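Examining the three-dimensional arrangement
One letter stands for each residue in the lines below.
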Amino acid sequence: GAGVSQSPRYKVAKRGQDVALRCDPISGHVSLFWYQQALGQGPEFLTYFQNEAQLDKSGLPSDRFFAERPEGSVSTLKIQRTQQEDSAVYLCASSLSRGPYEQYFGPGTRLTVT
Amino acid sequence: RKEVEQDPGPFNVPEGATVAFNCTYSNSASQSFFWYRQDCRKEPKLLMSVYSSGNEDGRFTAQLNRASQYISLLIRDSKLSDSATYLCVWSTGGDYKLSFGAGTTVTVRA
């Protein structure tokens, strides 16, 4: 079946622009996660949804970052007034449910802020 | 001290060789452990979970030592296709939030 998809795959933004990154999880997956991966580093947790509820947003680096999943399926990560330090790959993952279930990752969106 | 220390490598080994590397962690509250594999410019994929008793999956063997707070991965009979970055991963916080090491790069040469 279809895996996790993300769009756009690549995004170049000028400093100060707002961007929106989309994630389509695997159908039926309750849990959805966003991670940020800087070059040469492992992914860092940003936020977690169970259905439409955002249960953990402890990893969001600043109030410029906002995520939503209004209908419990597709999710959008929005970054306002982008800064150069926001340049990274943003990975979305989904899993069947909360708990020790495998998280399936999408291909990521590579954001470059110039 | 970083929450996890992972030897970045690179480990450059010939086909057929055995390669092993560790990952040490400092958070004793860590609950579950995994190895993920990430190919260049691709997404991470689960390689295997890690159990205290040790577990094997084909040519891959993973070990967890809670007393010394490290996990290990051993790859036997390396193949060219094993070339990747191997991420040490653990979960805390209700067993859903994954934390990743920076990765160990393995390159298998012909």
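The present account deals with the structure reproduced in this document. (Residues numbered from 1 in each chain as written. Chains lettered and ligands numbered in written order. Predicted model: local features only at pLDDT ≥ 70, side-chain atom pairs only at ≥ 80, totals over all residues. Heavy atoms only, no water.)

So, about the overall build of chain B. Looking only at helices and strands, one finds 0 helices and 11 strands in chain B. Counting across all 110 residues of chain B, residues that qualify as buried make up 45%. Pairs at least 24 apart in sequence give 55% of the contacts found in chain B among residues at least 6 apart. For chain B, the accessible area works out to roughly 5,300 Å², and carbon and sulfur atoms hold 47% of it. Averaging the coordinates of the 12 positive side-chain charges in chain B and doing the same for the 11 negative ones gives two points 3 Å apart. (Helix = DSSP H or I, 4+ residues; strand = E, 2+ residues; numbered from the N terminus. Buried < 20%, exposed > 50% of the residue type's maximum accessible area, 1.4 Å probe, protein only. Contact = heavy atoms within 4.5 Å. Areas by Shrake-Rupley, 256 points an atom, 1.4 Å probe, with all protein chains shown as cover. Lys, Arg positive; Asp, Glu negative; His and termini not counted. Charge placed at Lys NZ, Arg CZ, Asp CG, Glu CD.)

The next subject is the environment of Trp35(B). Residue and element names in this part refer to chain B. Checked against the element boundaries, Trp35 lands in strand S4 (residues 32-38). Taking relative accessible area as the criterion, Trp35 reaches 0% and is therefore assigned buried. Considering only alpha carbons, one finds Trp35 and Ile71, 36 residues apart in sequence, at a separation of 9.1 Å.

Right, let's talk about the interface of chain A and chain B for a bit. Contact residues are listed per partner, giving 21 residues for chain A and 16 residues for chain B. Taking both partners together, chain A and chain B bury about 1,600 Å²; carbon and sulfur atoms supply 53% of that area. Run the count over chain A and chain B and you get 1 salt bridge. In this structure, the salt-bridge partner of Lys97(B) is Asp56(A), at a minimum N-O distance of 3.2 Å. Secondary structure elements with two or more residues in the side of chain A that touches chain B: strand S4 (31-37) and strand S5 (44-50) of chain A. Broken down by element, the side of chain A that touches chain B gets its largest block of residues, 3 residues, from S4(A). In terms of residue class, the side of chain A that touches chain B is made up of 9 nonpolar, 8 polar and 4 charged. (Buried area = accessible area lost by both parts, 1.4 Å probe. Salt bridge = Lys/Arg side-chain N within 4 Å of Asp/Glu carboxyl O. Nonpolar A, V, L, I, M, F, W, Y, C, P; charged D, E, K, R; others polar.)

Residue and element names in this part refer to chain B. Applying the stated rule across the entire model yields 8 salt bridges over all chains. For the salt bridge of Arg37 with Asp39, the shortest nitrogen-to-oxygen distance reads 2.9 Å. On the basis of relative accessibility, which here comes to 30%, the residue Asp39 falls in the partly exposed class.

Enumeration over the complete set of coordinates arrives at 2 disulfides over all chains. Between Cys23(A) and Cys92(A) runs a disulfide, and the two sulfur atoms are separated by 1.8 Å. With the S-S dihedral at roughly -65°, the linkage between Cys23(A) and Cys92(A) falls on the left-handed side. Separated by 69 residues along the polypeptide, Cys23(A) in strand S3 (residues 19-24) and Cys92(A) in strand S9 (residues 88-95) bring together distant segments of the chain. The buried category is assigned to Cys23(A), whose relative accessible area is 0%. The buried category is assigned to Cys92(A), whose relative accessible area is 0%. With a sulfur-sulfur separation of 1.9 Å, Cys23(B) is cross-linked through a disulfide to Cys88(B). Measuring the twist about the S-S bond at about -65°, one finds the Cys23(B)-Cys88(B) disulfide to be left-handed. (Disulfide = S-S within 2.5 Å.)

All right, on to unusual backbone geometry then. Look at the link from Ser7(A) to Pro8(A): it is a cis peptide, with omega at -10°. For Pro8(A), the position within the fold is in the loop between strand S1 (5-7) and strand S2 (10-13). Omega for the peptide link from Gly9(B) to Pro10(B) comes to 5°, which places this bond in the cis form. Within the secondary structure, Pro10(B) is located in the loop between strand S1 (4-6) and strand S2 (11-14). At Asn51(A), a position not held by glycine, the phi torsion is positive, near 55°.

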